Amino acid sequence: MQIFLDTANIEEIKEISSLGILDGVTTNPSLIAKEKKDFKSTIKAICDIVKGPVSAEVIATDYEGMITEAEELVKISEYVVVKIPFTLDGLKATRYLSDKDIPVNMTLIFSPNQAVLACKAGARYISPFVGRLDDIGHDGMELAIQCQDIVDTYGYETEVIAASVRHPEHVLKIMENGIDIATLPHKVVMQMLKHPLTDIGIEKFLSDWKNANK
Ligand code: E4P
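Because the structure is a prediction, the values reported are computed rather than measured.

Engineer: What is the right way to look at the pattern of salt bridges in this model?
Structural biologist: Side chains carrying opposite charge are able to pair once their charged atoms draw close together. In this structure the tally under the stated criterion is 10 salt bridges. Measuring nitrogen to oxygen at the nearest pair gives 3.5 Å for the salt bridge that ties Asp-199 to Lys-194. Of the residues examined, Asp-199 reaches a relative accessible area of 35% and is grouped as partly exposed. Across the pair Asp-208 and Lys-204 runs a salt bridge, and its minimum N-O distance is 2.9 Å. Remark: Lys-204 and Asp-208 occur in helix 11 (residues 196–212); sequence separation between them is 4 residues, near one turn of the helix. Given a relative accessible area of 36%, Asp-208 falls into the partly exposed group. Classification of Lys-204 by relative accessible area gives partly exposed; the value is 48%. Each of the salt bridges in this network shares a partner with another, and the network as a whole consists of Lys-40, Glu-72 and Lys-75.

Here it is, written out as structure tokens:
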């Protein structure tokens, strides 16, 4: 399973990258806005750290605008993946950019029908949003599983990014179902690291060692 970090925070990215477990980063306009820094230089800084796929999202909602922004974004770094929201214009833009070998992550996927269209348009990645579906009483993980089934059944070159991940239980389901990629908030990676029995075990080892060496 590939692990992406879902953040635009440079410190978080540096920390997780230093662990040697990071395959990529996803950002979105909300995450970028939260950092209150220049968009392009933030993306450049992230690419320089990660040296792997970094999703940067277009703001335009029309086909021409998306293409213009995408062509600017890929100039920032060879690692930029253009993130395009799933709309009719977004689909058209994805086909255009994919034909030019510009990798696209189609985002805001909320149904298997959207997923198959994104794959057919040549998206390099599709991002089903697990947590936001859970929030409205649907089974978000079911969608991510369906997306992976579509890709595997038809042999699309697209990879599935389980997005909008909220807790380690989501990560467990992503692994159990062989979903290609999980994009995780920093908090979830830290939760994955932790187990109370590990902490208790270390404490016990150290106190036994101390007592034996008095
Ligand atoms: C995916 O690429 C998005 O950035 C992200 O996972 C959205 O998650 P949220 O629902 O927690 O905002």
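Engineer: Explanation requested: a negative patch on the surface in the structure shown.
Structural biologist: Negative charge collects at one region of the surface, where Asp-139, Glu-142, Asp-149 and Asp-152 lie side by side. Mapped onto the secondary structure, Glu-142 falls in helix 8 (residues 140–154).

Cut-off values and rules
Residues numbered from 1 in each chain as written. Predicted model: local features only at pLDDT ≥ 70, side-chain atom pairs only at ≥ 80, totals over all residues. Heavy atoms only, no water. Salt bridge = Lys/Arg side-chain N within 4 Å of Asp/Glu carboxyl O. Buried < 20%, exposed > 50% of the residue type's maximum accessible area, 1.4 Å probe, protein only. Helix = DSSP H or I, 4+ residues; strand = E, 2+ residues; numbered from the N terminus. Patch = residues over 30% accessible without salt bridge, like charges linked within 9 Å, V, L, I, M, F, W, Y side chains within 5 Å. Areas by Shrake-Rupley, 256 points an atom, 1.4 Å probe, with all protein chains shown as cover. Lys, Arg positive; Asp, Glu negative; His and termini not counted. Charge placed at Lys NZ, Arg CZ, Asp CG, Glu CD.

Limitation: the analysis is restricted to geometry and does not speak to function.
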